[in-house]
Amino acid sequence: MSTESTLPEASRVRVLIVDDEPLARECVRDALNAYPDVEIVAEAGDGHQAVAAIEQHNPDLVFLDVHMPGLDGFGVIEEIGVDAMPSVVLVTAYDHYALKAFDVHAVDYLLKPFDDARFERALTIARQRLAGGAADRTDERTRLKRLLEDLLREDSGRSATTRYATRFTVREGDRMRFIPVNSVDYFEASGNNVILHVGKTRSSLRSPLRDVVEKLDPVRFARIHRSIVVQLNRVREIQPWFGGDYVAILEDGRQLRISRTYRASVLKTIA
């Protein structure tokens, strides 16, 4: 990110960053650090933390991830209430319908991964809204309310409590790469990180396995060992192994041990 702001001087802006991926929060944080008149008052890793942080810190502006497991970004807005919601920049990976809806209602957003120019534009627009006073805030809230109504009509069955991660973000050098959840064969704990196994490719995610498990759909993924979570449709067969353990054989022949601790739940899930 650039190290120097080209924006005109403005009053101090108090910001909350909300994203379930630590790397994504880091990217927004690094971008905001280029602007000395911006104060990051808090960060939140899920929707419930976001609601608490908004109520506690009353920020001027929220960079709000749209897709989060549990209470997602739209759920946060619904929980707080549009009329009480701070000014918001929605942050999202590619989602055709959502982007179209954002454009229709002129709701500002950042598409991950974003560049310096796009980030500066989003911050400039947010500052203009904040400087515009009550009239601009009323207009923003009206557009946000209409956006929510459209999204809810499109997905009338959407439940904030049943949303799971659709992708994970990993760092590769100076780049971020998005890995769809449905492409991962299995997740393997490695210290405080998790290795994502996609075919013969291995990518490291900076997150403990327990946090990853909470973001996965339990219908599709199962923990078979304290350090391994497998995508069930990748399992070709299960065979007995030594000492009461079993082994899961994947479609490509790789073998993963199922420990006795998880054996009963795995067999019940697959049966």
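Residues numbered from 1 in each chain as written. Predicted model: local features only at pLDDT ≥ 70, side-chain atom pairs only at ≥ 80, totals over all residues. Heavy atoms only, no water.

Undergrad: I keep staring at the packing of helix 2 (residues 47-57) against helix 3 (residues 73-80) and nothing clicks. Help me out?
TA: Angle between the axes and distance between the axes: these two values describe a pair of packed helices. For the pair helix 2 and helix 3, the least separation of the axes is 9 Å and the interaxial angle reads 40°. Taken together, helix 2 and helix 3 sit at an angle that is classed as oblique. Considering how the two elements wind past one another, helix 2 and helix 3 form a crossing that is right-handed. For the pair helix 2 and helix 3, contact is made by Gly47, Ala50, Val51, Ile54 and Glu55 and by Val76, Glu79 and Ile80, respectively. Grouping the amino acids of the contact of helix 2 with helix 3 by side-chain chemistry returns five nonpolar, one polar and two charged. (Axes fitted to C-alpha atoms, helices over the stretch in contact; angles between N-to-C directions. Helix = DSSP H or I, 4+ residues; strand = E, 2+ residues; numbered from the N terminus. Parallel < 35°, antiparallel > 145°, perpendicular 65-115°, else oblique. Left-handed = near helix turned anticlockwise from the far one by under 90°. Contact = heavy atoms within 4.5 Å. Nonpolar A, V, L, I, M, F, W, Y, C, P; charged D, E, K, R; others polar.)

Undergrad: Is there a simple way to explain the nonpolar core in this structure?
TA: Note that soluble globular proteins tend to have their nonpolar side chains buried in a common cluster. Grouped together as the largest cluster of nonpolar side chains are 29 residues, with contacts concentrated most on Val18, Leu64, Val76, Ile77, Met85, Leu90 and Phe102. Put simply, the parts of the chain that give this core at least two residues each are strand 1 (13-18), strand 2 (38-44), helix 2, strand 3 (61-65), helix 3, strand 4 (87-92), helix 4 (96-105) and helix 6 (134-154). Counting 22 residues, the second-largest nonpolar core is a separate cluster that includes Ile17, Val28, Val89 and Leu123. (Core = buried A, V, L, I, M, F, W, Y, C linked by side-chain atoms within 4.5 Å. Buried < 20%, exposed > 50% of the residue type's maximum accessible area, 1.4 Å probe, protein only.)

Undergrad: Sorry if this is basic, but what is going on with helix 3 here?
TA: Three or four residues apart is the spacing at which side chains of an α-helix point the same way, because the helix has 3.6 residues per turn. With six of its eight residues buried, helix 3 lies for the most part within the structure. Here helix 3 has its buried residues at Gly73, Phe74, Gly75, Val76, Ile77 and Ile80. Where helix 3 begins, one side-chain oxygen reaches toward the backbone nitrogen of Phe74, 3.3 Å away; that side chain belongs to Asp72. Just downstream of helix 3, Gly81 is the residue with a positive phi angle, here 95°. (Polar contact = N/O pair within 3.5 Å; in protein donor to acceptor, adjacent residues only side chain to side chain.)

Undergrad: Sorry, what's going on with the sheet that holds strand 11 (residues 221-225) here?
TA: One key point about sheets: their strands pair by backbone hydrogen bonds, in either a parallel or an antiparallel sense. One open sheet holds the five strands; their spatial order is 10-9-8-12-11, and the pairing between them is antiparallel. The sheet is open, and its two edges are formed by strand 10 (201-205) and strand 11, each paired on a single side. On average, each strand axis in the sheet is inclined to that of its neighbour by 25°, with strand direction left out of account. Sheet analysis places strand 8 (residues 186-190) next to strand 9 (residues 193-198), joined by five bridges and oriented antiparallel. Residue pairing for strand 9: Ala189 is matched across the bridge by Val194. (Pairing = 2+ DSSP bridges.)

Undergrad: For this particular structure, what's the right way to read the pairing of strand 9?
TA: Looking down a regular strand, the side chains alternate between one sheet face and the other. Between the end of strand 8 and the start of strand 9, which pair antiparallel, lie two residues, with Gly191 showing a positive phi angle near 65°. One ladder, built from five bridges, connects strand 9 with strand 10; its direction is antiparallel. Among the inter-strand pairings, Leu196 is bridged to a residue of strand 10, identified as Ser203. The turn joining strand 9 and strand 10, which pair antiparallel and follow one another in sequence, is formed by two residues; a positive phi near 60° is taken by Gly199.

Undergrad: Can you walk me through the sheet that holds strand 13 (residues 235-240) in this structure?
TA: An order of 13-14-15 is seen for the three strands of this open sheet, with the pairing classed as antiparallel. Both outer strands of the open sheet, strand 13 and strand 15 (255-258), are each paired with one neighbouring strand and no more. Between one strand axis and the next, the sheet turns by 25° as a mean value, whatever way the strands run. The sheet contact formed by strand 14 (residues 246-250) and strand 15 spans four bridges and is antiparallel. Note on strand 15: the bridge partner recorded for Tyr246 is Ile258.

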